[in-house]
Amino acid sequence: MILTNYHMHSSFSDGTAFPEEYVLIAIEKGFKSIGFSEHGPTPFNKHWELPENKVDEYFAEINRLKDKYKDKIEIYIGMELDYYTGLEENSFSKYDLDYVIGSIHYFPDKEGNIFGIDCKPEDFHRTIHEFFKGDVKAFVKEFCDRIIDMVDKFKPDIIGHFDLIKINNFNEMYFSESDPRYREEIMRVFRFISDKGTMLDVNTGGITRGFMTVPYPSPWALKEAAKLKIPVVLNSDAHRPEHIDGKFENVSKILKECGYTEKMIIKDGNWVPVPI
Ligand SMILES: [Zn+2]
Ligand SMILES: [Zn+2]
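The model shown is predicted, which means the values in this text are computed figures rather than measured ones. Each chain has its residues counted from 1, following the order in which its sequence is written. By the order in which they are written, chains take letters starting at A while ligands take numbers starting at 1. Local features are withheld for residues below a pLDDT of 70 in this predicted model, meaning they are given only at 70 or higher, and side-chain atom pairs are given and counted only at 80 or more; totals for whole chains, interfaces and linings count all residues. Heavy atoms throughout the structure, all of them, feed into the side-chain values; hydrogens and water do not.

Asker: Would you explain the nonpolar core in this entry?
Answerer: Soluble, globular proteins show a tendency: their nonpolar side chains are buried together. With 84 residues, the main nonpolar core has Ile-34, Ile-117 and Phe-190 as its most contacted residues. Labels follow the DSSP assignment, with helices taken as runs of H or I lasting at least four residues and strands as runs of E lasting at least two, numbered in each case from the N terminus. Considering every element that reaches this core, the biggest residue donor is helix α4 (residues 136–154), with 10 residues. Residues belong to one nonpolar core when they are buried, are Ala, Val, Leu, Ile, Met, Phe, Trp, Tyr or Cys, and are joined through side-chain atoms within 4.5 Å. Think of it in three bands: with a 1.4 Å probe and only protein chains considered, a residue is buried below 20% of the maximum accessible area for its type, exposed above 50%, and partly exposed in between.

Dropping the structure here:
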């Protein structure tokens, strides 16, 4: 399998190491191409994102590495950008990025308070009970509506961790993934994106970090996505260099079992399919 990873966070956002440490481990492991996807600037989170005043430095450093290691590996500059209602229209095209991962990590309210999804269980509980007044169906529907809206208006190359809403759904305490109503919501998004070329981030981060046994998206959903020929990118959402290929073998196997034979990689600046 050709090794690549386009979902990685360095110390420019909430990762633990400098970008060069990711590059060195990628070369050592035989990766063909990689991309950095720092959390882009937003008006809300000041602790886990790349601040606006560091964007130039980010570009300069990744460009320096691109050049320094150009004979060994292809390096790309991306960002994982947050989508939320009220986002300025040019937000996803504001920077001259090689690619954009569009993700929904939280719902901000009118006062700018953040109601998290990718957060501690007690904060997730607050999101369900305060923002959605305990209505889990409304939560799932709103999340799916926002993905559709994001793809429609902002056209990210990749949808980040597609079913992140399951992150705190331990023992299916909020919803069952086999509930036909839940599946229909997910299918509604798949049908919408199926002719758009938008890629799914098949994200091993939750398994690598030990709080999940399946990737994003779940295998049942990947089977459906495969039928609709929705392209996938295998990524580890690494926040530390040693996670660069976290669980790639297991999840490649899952992808094949779900009907996928190809994944997308960037080669000479273009997204192309290659065998898994
Ligand atoms: Zn994310
Ligand atoms: Zn990420």
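Asker: I tried to follow the coordination of the zinc ion (ligand 2) on my own but got confused; where do I start?
Answerer: Tetrahedral metal sites with four donors have an ideal angle of 109.5 degrees; octahedral sites with six donors have ideal angles of 90 or 180 degrees. Around the zinc ion (ligand 2), the protein contributes the donor atoms His-7 (NE2), His-9 (NE2), Glu-80 (OE) and Asp-237 (OD), which lie 2.1 to 2.3 Å from the metal centre. Coordination shells were defined by N, O and S atoms within 2.8 Å of each metal, extended to 3.2 Å for Na, K and Ca; water is absent from the atom set, which can make sites look incomplete. Under the classification used here, a metal with four donors is tetrahedral if each angle lies between 85 and 135 degrees, square planar if opposite donors are over 155 degrees apart and the others between 65 and 115, a six-donor metal meeting that same test is octahedral, and anything else is irregular. With four donor atoms in place around the zinc ion (ligand 2) and angles of 81 to 168° between them, the coordination shape is irregular. Positions of the donor residues of the zinc ion (ligand 2) along the chain correspond to the pattern H-x1-H-x70-E-x156-D.

Asker: I'm lost on unusual backbone geometry in this one. Help?
Answerer: Glycine aside, a negative phi is what most residues show, and trans is what most peptide bonds show. Of note, the bond from Tyr-216 into Pro-217 is cis; its omega dihedral lies within 30 degrees of zero at -10°. Checked against the element boundaries, Pro-217 lands in the loop between α6 (205–208) and α7 (219–227). At His-161, a position not held by glycine, the phi torsion is positive, near 25°. You can see His-161 is positioned in the loop between β7 (158–159) and α5 (180–193). With a relative accessible area of 2%, His-161 lands in the buried category. Of note in this structure, Lys-247 is not a glycine but carries a positive phi near 60°. Within the secondary structure layout, Lys-247 lies in the loop between β9 (232–235) and α8 (248–257). Relative accessible area serves as the criterion here: at 36%, Lys-247 is assigned to the partly exposed category.

Asker: Sorry, what's going on with the coordination of the zinc ion (ligand 1) here?
Answerer: Taken together, Glu-80 (OE), His-105 (NE2) and His-161 (NE2) make up the protein donors of the zinc ion (ligand 1), found 2.1 to 2.2 Å from the metal. Counting along the primary sequence, the residues that act as donors to the zinc ion (ligand 1) give the motif E-x24-H-x55-H. Here the zinc ion (ligand 2) and the zinc ion (ligand 1) are spaced 3.3 Å from one another, each receiving a donor from Glu-80. Of the two residues, Glu-80 sits in strand β3 (residues 74–82) while His-105 sits in the loop between β4 (99–103) and β5 (106–108), which places them 25 residues apart along the sequence. This pair shows no difference in class: Glu-80 is buried, exactly as His-105 is.

Asker: Sorry, what's going on with the pattern of salt bridges here?
Answerer: Pairing of side chains with opposite charge becomes possible as their charged atoms draw close. When a carboxyl oxygen of Asp or Glu is within 4 Å of a side-chain nitrogen of Lys or Arg, the pair counts as a salt bridge. Scanning the model with the defined rule gives 22 salt bridges in all. Its salt-bridge partner being Lys-153, residue Asp-149 comes within 3.1 Å of it at the nearest N-O pair. Of the two residues, Asp-149 and Lys-153 both sit in helix α4, four residues apart, roughly one turn of that helix. Among the residues examined, Asp-149 registers a relative accessible area of 23% and is labelled partly exposed. One salt bridge in this structure joins Asp-268 and Lys-267, with 3.7 Å as the shortest N-O distance. Residue class for Lys-267 comes out partly exposed when judged on its relative accessible area of 44%.

Asker: Explain the packing of α4 against α5 to me, please; I cannot follow it from the model alone.
Answerer: Angle between the axes and distance between the axes: these two values describe a pair of packed helices. An axis is simply a line fitted to the C-alpha atoms; with a helix, the fit covers only the stretch in contact. Between two such axes, the angle follows the N-to-C directions and lies from 0 to 180 degrees. At a closest axis distance of 10 Å, the pairing of α4 and α5 adopts a crossing angle of 5°. Judged by the inter-axis angle, α4 sits roughly parallel to α5. Between α4, through Lys-137, Val-140, Lys-141, Cys-144, Asp-145, Ile-147, Ile-148, Val-151 and Asp-152, and α5, the contact on the second element is made entirely by Arg-181, Tyr-182, Glu-185, Ile-186, Arg-188, Val-189, Phe-192 and Ile-193. Taken together, the residues that form the contact of α4 with α5 break down as 10 nonpolar, no polar and seven charged. Orientation is classified from the angle alone, with under 35 degrees giving roughly parallel, over 145 giving roughly antiparallel, 65 to 115 giving roughly perpendicular, and any other angle giving oblique. The contact rule is simple, with two residues in contact once any of their heavy atoms fall within 4.5 Å. Residues are sorted three ways: Asp, Glu, Lys and Arg are charged, Ala, Val, Leu, Ile, Met, Phe, Trp, Tyr, Cys and Pro are nonpolar, and all the rest, Gly among them, are polar.

Asker: How should I be thinking about the pairing of strand β8 (residues 199–203) in this particular structure?
Answerer: Every regular strand shows the same layout, with side chains that alternate between the two sheet faces. Buried residues dominate β8, accounting for five of its five residues. Here β8 shows no split at all, with Met-199, Asp-201 and Asn-203 on one side and Leu-200 and Val-202 on the other all buried. Strand pairing follows a simple DSSP-based rule, namely that at least 2 bridges must link the two strands. Sheet analysis places β7 next to β8, joined by two bridges and oriented parallel. Its bridge partner being in β8, Ile-158 is matched across the sheet by Met-199. In terms of handedness, the path from β7 via α5 over to β8 forms a crossover that is right-handed. By convention, orient the strands away from the viewer: a clockwise path from the first strand over the helix to the second makes the crossover right-handed.

Asker: Even after reading the chapter, I still don't get the packing of helix α1 (residues 19–29) against helix α2 (residues 55–68), so can you show me in this structure?
Answerer: Closest axis-to-axis distance for the α1/α2 pair is 10 Å, and the angle between their directions is 30°. In terms of orientation, α1 and α2 fall into the roughly parallel class. Read as a crossing pair, α1 and α2 show a hand that is right-handed. Between α1 and α2, the contacting residues are Pro-19, Glu-20 and Val-23 on the first element and Glu-61, Ile-62, Arg-64, Leu-65 and Lys-68 on the second. Crossing handedness is defined as follows: a turn of the near helix away from the far one that is anticlockwise and smaller than a right angle gives a left-handed crossing, while the clockwise case is right-handed.

Asker: Help me understand α8, please; the structure alone is not making it clear to me.
Answerer: Given 3.6 residues to a turn, an α-helix orients residues that are three or four positions apart in the same direction. Taken residue by residue, α8 has Phe-248, Val-251, Ser-252, Ile-254 and Leu-255 as its buried positions. One side of α8 holds all its buried residues, which, seen down the axis, span an arc of 160°. Exposed and oriented more than 90 degrees from the buried face of α8 are Glu-249, Lys-253 and Glu-257. Those residues of α8 that are buried are in contact with β1 (4–5), β8, α6, α7 and β9. Looking one or two residues past α8, Gly-259 carries a phi angle of roughly 105°, positive in sign. As used here, the arc belongs to the directions running from the helix axis to the C-beta atoms.

In short, shape yes, function no, at least from these values alone.
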